[in-house]
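What the coordinates show
What follows is each chain in one-letter form.
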Amino acid sequence: MRLPPDFQFTQANLQDFVDCRRRFLLRHVRRLAWPAIESEPVIENEQLSEKGARFHRMAHQALIGMPFERLALMLNEPELAGWWTNFQSQALPEGRRYPELSLQATLQGYRLVAKVDLLLVTPEGRALVYDWKTSRRRTPRQYMAARLQTRVYPYLLTQAGAQFNAGQPFPPEVVEMIYWYAGFPDAPERFAYDDDRYRADEAYLDDLAGTILSLAEQDFGLTPDAGQCRYCVYRSLCDRGVQAGSLDDWDEAMGAPDESGGNLDFEQIAEIEF
Amino acid sequence: MFSFMGEITLSPPQAELARLPVESKIFLEGPDGSGKTTAGVARLLGLLERGVPGASILLLVPQRSLGQPYLHALRTASLPPGSPVALHTLSGLAQRMVELYWPLVAEAAGFAHPDMPPVFLTLETAQYYLARLVRPLFDEGFFASITLDRNRLYSQILDNLNKSAVVGFAHTQIGQRLVSAWGGEPGQARVYQDAQECASRFRQYCLEHNLLDFSLQVELFVRYLWPDEGCRGALLETYRHLIVENLEEDVPVTHDLLAEWLPHLDSCLLIYDQEAGYRSFLGADPRSAYRLKALCPQRVTFTGSFVTSPMVIALGECLGRALQTGSQAPASPPPGTSETSDSLPAYQAALSFEVQRFYPQMLDWVAGQVAQLVQDEGVPPEEIAILAPFLGDALRFSLANRLERYGIPARSHRPSRSLREQPPVQCLLTLTYLAHPGWALPALPTQFDLAYALMQSLEGMDLVRAQLLAEKALLRVDGQPRLLPFERVKADLQERVTYRLGERYEHLRQWLEGYAQAPAQELDHFLGRLFGEVLSQPGFGFHANLDAGEAAANLVESAQKFRRVAAVGLADLGKPVGQEYLEMVQDGVIAAQYLRSWRGEAQGAVLLAPAYTFLMSNRPVEVQFWLDVGSRSWYERLYQPLTQPHVLSRNWPEGKHWTDDDEYKTSQEALYRLALGLLARCRRRVYLGLSELGEQGYEQRGLLLRAFQRLLRAAPQEASGV
Ligand code: SF4
């Protein structure tokens with residue numbers, strides 16, 4: 001498969017490939033705009049997504065040194081205010097902070113990129129990768145463990161983070177991925193990293209990208225898991241249904257979908273903007 | 001030394017520039033095509049290879065397309081992992097910083113709600129708000145002496161504000177500057193005062209509602225954020241290395257900013273294209289750019305061209321002289337270079353033309369020549385550009401059709417295609433009226449609109465059946481449009497339409513009626529549902545129709561953006577945002593112009609583009625076709641009664657009157673730069689499409705045509721006139 005000349009791998013497009021090859025083809029290779037509703041209830045999802053984006057921006061502003069009190073004046077919605085209170089009271093470890101940090105490395109001749117919400121390097125040399133989650137449900141750990149994000153971010157930091165460690169790559173053992181849930185501040189999901197995981201991730205990502213490049217167009221088939229299609233804008237194109245599924249019915253076994261309701265969520269936009 | 005050097009071929013001066021120590025501040029100048037950008041790319045890759053973190057490098061470009069060669073290199077070169085290089089335009093950087101630092105500066109900048117987030121306006125949403133403010137003023141006699149489409153008046157008012165921001169003068173001085181340079185009939189001074197009043201009211205409205213158009217974003221950045229220690233400190237700390245491409249195409253406030261920024265940087269490379277400045281109508285100012293040369297200790301000049309053949313260079317020299325000689329004697333051949341030993345001009349092989357009587361004949365000739373180039377000479381289609389001063393729908397369609405007959409695909413670069421002109425969008429708008437009967441203007445939709453929508457939306461529906469059905473099915477109940485159930489259509493018509501199509505019609509009708517009975521949703525959500533649940537399902541016209549999907553997506557995106565921005569000012573009017581959007585689309589205020597369909601570099605397709613757009617994409621081709629050579633549009637400014645780009649520049653002396661002579665001189669200069677700029681992006685040959693009668697059927701004898709005539713008269717034998 002020839003990918004578009006400006007294509008770059010991200011956790012989101014790799015996840016799409018894993019979830020449904022056809023979706024990867026339509027969304028990331030053909031870049032097909034297909035404006036169906038992704039999931040219901042559409043207005044609530046949109047509001048949640050906007051609140052998530054605002055929360056991320058405020059977190060960024062706080063991390064570059066804007067006073068919390070000044071930022072708190074901008075809260076005009078109770079759920080966001082609750083998240084903000086939680087954020088304010090979480091005790092981030094001491095250390096150098098790199099909010100909204102972009103990283104890149106080469107994967108099968110293409111760039112693999114990610115934008116992390118916060119990299120925090122402690123005085124003891126630990127490298128903590130934070131991701132703020134603003135979904136209403138806390139996703140089961142085993143689901144998060146299998147997400148591409150959990151593999152791509154620590155891997156990329158180990159690969160491409162030397163600039164933040166006095167020119168030396170971070171040893172995998174010092175890297176940790178932390179999902180911090182704005183609605184569940186006391187129960188962050190933490191994933192330690194080590195050399196075995198790093199090697200496994202390297203082999204896995206390389207293999208995944210290699211598979212994508214080796215497949216012919218007709219091999220990007222529809223997912224056998226039709227449940228995916230209820231939350232996918234291409235369902236009419238694939239003859240996989242009419243109505244968008246409701247996020248309330250989302251199967252827990254599939255984990256929580258991204259908190260953004262959109263076809264291209266703000267995390268993806270951040271990742272692909274360059 | 002550099003491993004990437006095997007990946008790009010560099011001339012010795014380019015390699016030398018790339019190898020200069022990391023801590024170098026370089027001003028690089030040279031003509032188009034002399035290899036400056038390649039040197040810039042090599043310098044960038046060299047910095048990365050020498051361990052400079054990508055995130056500490058900022059690539060600043062006047063428009064994003066000019067960053068393409070850098071992006072391409074960053075994607076393809078084998079570079080070490082790390083943080084990516086940033087690419088920004090001034091406005092992109094401004095928007096990003098405003099968004100981040102808003103809480104710190106909003107109050108000082110005069111915004112009424114500093115605790116609410118800013119709302120960034122696009123060109124069309126800015127135009128929308130401006131239209132709302134200005135429309136009532138027309139009744140008060142504003143612009144009474146002007147006959148021009150209102151949307152063009154709005155865009156000129158915004159343009160004035162943008163000029164004030166990028167040139168760096170207070171927006172309250174717009175009128176006064178225009179008036180003081182005006183020496184014609186006195187009524188025009190009133191027009192300029194009206195334009196000032198509109199600009200001031202708009203600015204005030206923006207401040208009251210946290211709205212940021214382009215001009216306010218730039219002003220906020222330049223006047224409040226850059227002087228702010230926190231914001232400036234963050235920029236200075238983040239970006240230690242700067243590469244600025246096409247410095248001459250950028251605006252004076254960018255140059256001011258750079259002048260303050262340069263002393264703090266570890267390195268910089270400023271790239272300046274001599275004889276360019278194509279974007280002066282947007283505020284680009286080569287003279288302002290050139291002062292930065294004095295701030296760079298290392299100054300490098302490239303000469304010659306890596307792009308054009310010696311014949312094209314010779315053509316450029318001769319044409320340049322012919323343009324400069326105006327109506328004087330025929331251009332004499334240049335000393336030495338431009339004449340071959342047997343007295344044939346050296347540019348002979350670089351120029352082909354044929355004079356036709358009528359415009360369509362000329363287009364036939366162009367298509368025939370393209371076919372010959374592609375099919376007989378093996379020129380790849382993407383190496384051919386067909387250029388005209390303007391590229392209207394009719395011309396684009398005629399050319400694409402003719403090329404298609406030869407089996408040659410074409411793509412068009414036309415940044416002003418309005419979404420509502422697209423059939424799938426027209427269909428969606430018609431169906432929107434039917435689903436929101438209260439929103440429809442009295443006569444909408446018409447029977448024709450409905451027939452057209454049925455043809456688009458129901459698979460297998462032809463125009464004849466659609467018209468027959470529309471004639472009977474479109475009802476007006478209390479003045480509101482309604483659709484008749486299929487079962488109530490007369491039996492003979494049902495039969496004629498067929499039951500299969502009737503079923504589809506009925507499915508669509510019921511869906512619309514069901515929707516209309518429930519509380520109305522946001523317009524973009526409605527459109528998304530209509531598209532996903534009906535029109536793109538099997539049996540309907542958008543199913544697997546990728547073009548329709550794209551057009552619908554553009555409309556949905558436009559409506560969504562509008563909702564997010566316009567809701568701010570509509571809350572007190574009690575009018576649904578969707579209804580307002582539809583009215584603005586009908587009015588042409590919202591044109592929903594989208595770039596998505598011609599983003600990217602289509603391989604294997606001939607490019608159809610307006611000349612300036614091609615120029616600013618800065619991508620040379622083997623062969624160019626120039627159409628409408630006799631047209632005055634190659635150099636004449638558009639009629640802009642509310643603005644004047646030259647007078648609003650920094651170079652215009654205060655109080656000096658703009659005269660016809662100034663107008664003529666600037667037109668000539670613009671044409672000279674444009675023609676030579678195009679030739680600098682042509683490797684091998686230019687074809688002139690000449691017709692005695694232009695597209696509108698009139699004879700045309702503009703300056704460019706006359707220059708070619710002079711040039712050809714001077715030649716002993718006409719170049720490749722066929
Ligand atoms: S509708 Fe289903 S099969 Fe089609 S792309 Fe989406 S997830 Fe894949």
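Being a predicted model, the structure only gives us computed values, none of them experimental. (Residues numbered from 1 in each chain as written. Chains lettered and ligands numbered in written order. Predicted model: local features only at pLDDT ≥ 70, side-chain atom pairs only at ≥ 80, totals over all residues. Heavy atoms only, no water.)

Okay, the side chain of B:His255 next. Residue and element names in this part refer to chain B. If you trace the backbone, His-255 turns up in helix α11 (residues 252-261). Of the polar contacts made by the side chain of His-255, one reaches the backbone oxygen of Leu-247; its length is 2.9 Å. Those residues in contact with His-255 that lie beyond four places of it in its chain are Leu-247, Asp-250, Asp-285, Ser-288, Ala-289, Arg-291 and Leu-292. (Helix = DSSP H or I, 4+ residues; strand = E, 2+ residues; numbered from the N terminus. Polar contact = N/O pair within 3.5 Å; in protein donor to acceptor, adjacent residues only side chain to side chain. Contact = heavy atoms within 4.5 Å.)

Inspection of the region around the ligand gives A:Cys20, A:Arg22, A:Arg23, A:Leu222, A:Thr223, A:Cys229, A:Cys232, A:Tyr234, A:Arg235, A:Cys238 and A:Arg240 as its neighbouring residues. The residue inventory of the shell around the ligand, partitioned by class, reads six nonpolar, one polar and four charged. (Near = heavy atom within 4 Å. Nonpolar A, V, L, I, M, F, W, Y, C, P; charged D, E, K, R; others polar.)

Bringing the packing of aromatic side chains into the picture now. Each pair of aromatic rings is reported with the distance of its centres and the angle of its planes. By the definition in use, this model includes 47 aromatic pairs over all chains. With centroids separated by 5.4 Å and ring planes inclined at 40°, the aromatic side chains of A:Phe68 and A:Trp84 adopt a geometry described as tilted. In this pair, A:Phe68 sits in helix α4 (residues 68-72) while A:Trp84 sits in helix α5 (residues 78-89), placing the two residues 16 residues apart along the sequence. You can call A:Phe68 partly exposed: its relative accessible area is 24%. The exposure class of A:Trp84 is buried, given its relative accessible area of 1%. Aromatic rings pair up to connect A:Phe55, A:Phe68, A:Trp83, A:Trp84, A:Phe87, A:Tyr130, A:Trp132 and A:Trp180 into one cluster. Sitting above the plane of the B:Phe358 ring, B:Arg357 keeps its charged end 5.5 Å from the centroid. (Phe/Tyr/Trp six-rings, centres within 6.5 Å; stacked < 30°, edge-to-face > 60°. Buried < 20%, exposed > 50% of the residue type's maximum accessible area, 1.4 Å probe, protein only. Lys NZ or Arg CZ within 6 Å of the ring centre and 35° of its normal.)

Our next topic: the interface of chain A and chain B. Counting residues at the interface gives 43 residues for chain A and 48 residues for chain B. Summed over both partners, the interface of chain A with chain B buries about 3,800 Å², with 59% contributed by carbon and sulfur atoms. Our count for the contact surface shared by chain A and chain B stands at six salt bridges. Across the chain A-chain B interface, the total number found is 18 residue pairs in polar contact (both at pLDDT 80 or more). Elements represented by at least two residues in the side of chain A that touches chain B include exactly α3 (42-63), α4, β2 (96-107), β3 (110-121) and α7 (148-160) of chain A. Ranked by residue count, the leading element in the side of chain A that touches chain B is α3(A), at eight residues. Looking at the side of chain A that touches chain B residue by residue, the classes come out as 20 nonpolar, 12 polar and 11 charged. (Buried area = accessible area lost by both parts, 1.4 Å probe. Salt bridge = Lys/Arg side-chain N within 4 Å of Asp/Glu carboxyl O.)

Bringing the sheet that holds strand β8 (residues 298-301) of chain B into the picture now. All names here are of chain B. Strand order across the open sheet formed by six strands is β3-β2-β6-β7-β1-β8, with parallel pairing between neighbours. Each edge of the open sheet is held by one strand with a lone partner, namely β3 (86-88) and β8. Averaged over all pairs of adjacent strands, the angle between their axes in this sheet comes to 15°, without regard to strand direction. The strands touched by helix α4 (residues 90-105) are β2 (57-60) and β3; relative to β3, the strand with the most contacts, the crossing angle is about 110°. (Pairing = 2+ DSSP bridges. Axes fitted to C-alpha atoms, helices over the stretch in contact; angles between N-to-C directions.)

This next bit is on the pattern of salt bridges. Summed over the entire model, instances satisfying the criterion amount to 54 salt bridges over all chains. Taking the shortest distance from any N to any O, the salt bridge between A:Arg136 and A:Glu79 comes out at 2.9 Å. Here A:Arg136, found in the loop between β4 (127-133) and α6 (141-146), pairs with A:Glu79, found in helix α5; they are 57 residues apart in sequence, far enough to count as distant. The exposure class assigned to A:Arg136 is partly exposed, which follows from its relative accessible area of 48%. Residue classification places A:Glu79 among the partly exposed residues on the basis of a relative accessible area of 22%. Taken together, the shared-partner salt bridges connect A:Glu46, A:Glu50, B:Glu522, B:Asp524, B:Arg563 and B:Arg564 into one network.

What follows is about the domain arrangement of chain B. Residues and elements named next belong to chain B. The domain boundaries assigned to chain B delineate domain 1 (2-93 + 222-301), domain 2 (119-209), domain 3 (310-416 + 601-712) and domain 4 (419-587). Placing the centre of domain 1 and that of domain 2 at their C-alpha centroids yields a distance of 34 Å. Contacts between domain 1 and domain 2 engage seven residues on the former and five residues on the latter. Buried surface at the junction of domain 1 and domain 2, summed over both partners, amounts to about 400 Å²; 64% is from carbon and sulfur atoms. When the buried area of domain 1 at its contact with domain 2 is split by residue, Pro-252, Val-253 and Phe-281 rank highest and sum to 59% of it. Taken together, the connections running from domain 1 to domain 2 amount to zero salt bridges. The interface formed by domain 1 and domain 2 holds one residue pair in polar contact (both at pLDDT 80 or more) in total. Of the residues contributing to the side of domain 1 that touches domain 2, the split by class is five nonpolar, two polar and no charged. (Domains from an automatic or database assignment.)

To continue, consider the environment of B:Glu404. Mapping B:Glu404 onto the fold places it in helix α15 (residues 393-405). Spatially, the C-alpha atom of B:Glu404 lies 9.9 Å from that of B:Ala371, the residues being 33 residues apart in sequence.

With that settled, consider the pairing of β2(B). All names here are of chain B. Of the two faces of β2, the one lined by Ile-57 and Leu-59 and the one lined by Leu-58 and Leu-60 are each fully buried. Both β2 and strand β6 (residues 241-244) contribute to a ladder of four bridges, which runs parallel. Counterpart to Ile-57 in the pairing with β6 is His-241. Across three bridges, β2 lies against β3 in parallel orientation.

All names here are of chain B. By size, the foremost hydrophobic cluster in this structure holds 177 residues, and its most contacted members are Phe-143, Trp-261, Leu-512 and Leu-530. When residues in this core are grouped by element, the largest group, 10 residues, is from helix α22 (residues 546-570). Excluding its chain neighbours within four sequence positions, the residues that come into contact with Phe-143 are Val-134, Phe-138, Leu-153, Ile-157, Val-191, Asp-194, Ala-195, Cys-198 and Leu-642. (Core = buried A, V, L, I, M, F, W, Y, C linked by side-chain atoms within 4.5 Å.)

Turning to the pairing of strand β12 (residues 474-477) of chain B, a few remarks are in order. Pairing between β12(B) and strand β13 (residues 480-483) of chain B: four bridges, direction antiparallel. Counted as the bridge partner of B:Leu474 is B:Leu483 from β13(B).

Time to look at helix α23 (residues 577-587) of chain B. Residue and element names in this part refer to chain B. In terms of residue burial, α23 counts as a mostly covered element, since eight of its 11 residues are buried. Every buried residue of α23 is listed here: Val-577, Gly-578, Gln-579, Glu-580, Tyr-581, Leu-582, Met-584 and Val-585. Phi for Gly-588, located one or two positions after α23, is positive at around 85°.

Right, let's talk about the side chain of B:Glu219 for a bit. Residue position: B:Glu219 is located in helix α9 (residues 214-225). Beyond its immediate sequence surroundings of up to four residues, B:Glu219 is in contact with B:Ser164, B:Ala165, B:Arg203 and B:Tyr224.

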